[in-house]
Amino acid sequence: MRLRHFIDTQDYTKQELLDIIELTRRIKAADKQGCTPKLLQDATLAMIFEEPSTRTRVSFEVAMTELGGHALYLKPGEIHLGVRETLYDTAKVLSRMCDILMARTLKHETILGLAQYAEIPVINGLTDYNHPTQVVCDVLTMIEHAPAGKRLEELNVTFIGDATNVLSSLMLICTRLGMHFIQAAPAKYQAPAQWIEWAQENCAESGGSLRVTDDPIEAVQQADFVYTDLWWWVGQEEQIPDRRAAFMPTYQVNLDLFNRAPAHCKFMHCLPASRGVEVTDEVMDHPRSIIFDQSENRLHTEKGLLVYLLYKRLPRPSPQLRAYHQGQIEALLANYHADKR
Ligand code: CP
């Protein structure tokens, strides 16, 4: 099977993304009946985290365990990546010892470098540019919570807030799948021209639509899903006063804004959230908030992605071949200790 990475949903066609989602749905259905198939028996996932994580770390580790494999947690200070060893050397060594690699890197160039040199599939667990595993999960969640009778291509998604790595991925996957996407943010925090250009190219092919506005009230009026994300991230602490002034109160997803959306509209957040900042408790804990279904779906989605990228690459020796090697090794071991009996 040819080596395939998962760095950007733009590297995948609409049909491939739908295939991953369908695979995820089947694995989730099995999981809900307590019989997740051990599709990745004895496989090892290396997980590099240059930044903190709750959902990504736990979901990938649990996914590997439940699929019959194993995950290694590798963090800065405990491995040599980029400090005492080149990216090239790390990627080559991990490729010899592990079956698949997932990395959360500060810089997008780092994940691209790992993917360039690795001989095993590399999954992007978030960079300063995008968060592709999150948004596959988000689309799965939207499909599960879509209004009755509405097709994927009819769904309206409104993102209120900053042009984060989640925003870039969400606008790109939604437009690639033919959905209708709006970002509402102050002009300074709207999606950059390059992302808009790519999303518009997606729309031209898929029939989806894209709009960027500074009017959050107008933006939620047709929304099936309202989504928000943090207004600042690790390393942006100095910008907090400016960012708070730009977004608060107009772009906070509070009950007043959420009530302007249709009565069926659901609330989504990739988490972690700053309750009381970009979103209030009333909306986070609203009956139409689906944040924890969304969060749980990270686990199912990681399983789908891991199986999609890895299943066909794993060796599956016959019982006879296994027995042959076991016999050879056991015979050797018997000789080693013969003189001590
Ligand atoms: N949504 C998400 O990626 O969460 P973590 O930062 O906890 O992994």
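Rules of the game
Residues numbered from 1 in each chain as written. Predicted model: local features only at pLDDT ≥ 70, side-chain atom pairs only at ≥ 80, totals over all residues. Heavy atoms only, no water. Phe/Tyr/Trp six-rings, centres within 6.5 Å; stacked < 30°, edge-to-face > 60°. Helix = DSSP H or I, 4+ residues; strand = E, 2+ residues; numbered from the N terminus. Buried < 20%, exposed > 50% of the residue type's maximum accessible area, 1.4 Å probe, protein only. Contact = heavy atoms within 4.5 Å. Pairing = 2+ DSSP bridges. Axes fitted to C-alpha atoms, helices over the stretch in contact; angles between N-to-C directions. Near = heavy atom within 4 Å. Polar contact = N/O pair within 3.5 Å; in protein donor to acceptor, adjacent residues only side chain to side chain. Areas by Shrake-Rupley, 256 points an atom, 1.4 Å probe, with all protein chains shown as cover. Nonpolar A, V, L, I, M, F, W, Y, C, P; charged D, E, K, R; others polar. Right-handed = clockwise from strand over helix to strand, strands pointing away. Salt bridge = Lys/Arg side-chain N within 4 Å of Asp/Glu carboxyl O. Parallel < 35°, antiparallel > 145°, perpendicular 65-115°, else oblique. Left-handed = near helix turned anticlockwise from the far one by under 90°.

Caption draft 1: Main features of the packing of aromatic side chains. Going through the model one piece at a time under the given rule, you end up with eleven aromatic pairs. Arranged with centres 5.0 Å apart and planes meeting at 70 degrees, the rings of Tyr88 and Tyr117 form a pair that is edge-to-face. Placement of Tyr88 in helix H3 (residues 87–97) and of Tyr117 in helix H4 (residues 108–117) is noted, with a sequence separation of 29 residues between them. A relative accessible area of 42% means that Tyr88 is categorised as partly exposed. Grouped by ring-pair contacts, the aromatic residues Tyr189, Trp231, Phe247 and Tyr251 constitute a single cluster.

Caption draft 2: Examining the side chain of Thr44 more closely. Within the secondary structure, Thr44 sits in strand S1 (residues 44–49). Taking relative accessible area as the criterion, Thr44 reaches 16% and is therefore assigned buried. Residue contacts for Thr44: discarding those within four places in its chain leaves Met64, His70, Leu72, Cys98, Asp99 and Ile100.

Caption draft 3: Fine view of the sheet that holds S1. Across the sheet, which stays open at both edges, the four strands sit in the order S2-S1-S3-S4 with parallel pairing between neighbours. Edge strands, defined here as strands with exactly one partner in the open sheet, are strand S2 (70–74) and strand S4 (122–124). Each strand axis lies, on average, 20 degrees off the axis of its neighbour in the sheet, ignoring direction. Here S1 pairs with strand S3 (residues 100–104) via five bridges, running parallel. Across the sheet, Met47 pairs through a bridge with Met102, a residue of S3. Packing of H4 onto the sheet brings it into contact with S1, S3 and S4, and relative to S4 it is tilted by some 165 degrees.

Caption draft 4: The arrangement of the site of the ligand in detail. Looking at the ligand, the residues that line it are Ser53, Thr54, Arg55, Thr56, Arg104, His131, Gln134, Cys270, Leu271, Pro272 and Arg298. Residue Thr54 places a main-chain N or O atom 2.7 Å away from an oxygen atom belonging to the ligand. The separation between a nitrogen atom of the ligand and a polar main-chain atom of Leu271 is 2.7 Å. Protein chains shield 96% of the accessible area of the ligand, which is 250 Å² for the free molecule. Split by residue class, the shell around the ligand holds three nonpolar, five polar and three charged.

Caption draft 5: Expanded view of the pairing of strand S9 (residues 266–269). Both faces of S9 are covered, namely the face carrying Lys266 and Met268 and the face carrying Phe267 and His269. Sheet analysis places strand S8 (residues 225–228) next to S9, joined by four bridges and oriented parallel. By the bridge assignment for S9, Tyr227 is matched with Met268.

Caption draft 6: Local environment of the pairing of S2. The pairing of S1 with S2 spans five bridges and is parallel. The partner of Met47 across the bridge, within S2, is Tyr73. On the question of chirality, the crossover connecting S1 to the parallel S2 by way of helix H2 (residues 55–66) is right-handed.

Caption draft 7: Molecular detail of the pattern of salt bridges. Tallied over the entire structure, the rule returns 21 salt bridges. Linking Glu61 and Arg57 is a salt bridge whose minimum nitrogen-to-oxygen distance equals 3.7 Å. Taken together, the positions of Glu61 and Arg57, both in helix H2 and four residues apart, correspond to about one turn of that helix. Connected via shared salt-bridge partners are Lys14, Arg151, Glu153 and Glu154.

Caption draft 8: The arrangement of the sheet that holds S8 in detail. With parallel pairing, five strands are arranged side by side in an open sheet as S7-S6-S5-S8-S9. With partners counted over all chains shown, the strands left at the sheet margins are strand S7 (209–213) and S9, one partner each. The average angle at which neighbouring strand axes cross in this sheet is 20 degrees, direction not considered. As paired strands, strand S6 (residues 180–184) and S7 are joined by five bridges and run parallel to one another. Bridging across to S7, Gln183 finds its partner in Val212. Lying on the sheet, helix H6 (residues 165–176) is in contact with strand S5 (156–160), S6, S7 and S8; it crosses S6 at an angle near 155 degrees. Helix-sheet contacts for helix H12 (residues 291–310) involve S8 and S9, and the interaxial angle to S9 is about 45 degrees.

Caption draft 9: Looking closely at the side chain of Gln10. Residue placement: Gln10 occurs in the segment before helix H1 (14–32). In contact with Gln10, other than residues within four places in its own chain, are Leu172, Arg176, Trp198 and Asn202.

Caption draft 10: Structural context of the packing of H2 against H12. The N-to-C vectors of H2 and H12 enclose an angle of 50 degrees; their axes lie 8 Å apart at closest approach. In terms of their interaxial angle, H2 and H12 are classed as oblique. Crossing geometry of H2 relative to H12 is assigned as right-handed. Taking contact as the criterion, the partners of Arg55, Thr56, Ser59, Phe60, Val62, Ala63, Met64 and Glu66 in H2 are, on H12, Ser295, Arg298, Leu299, Glu302, Lys303 and Leu306. When the residues that make up the contact of H2 with H12 are grouped by side-chain class, the tally is six nonpolar, three polar and five charged.

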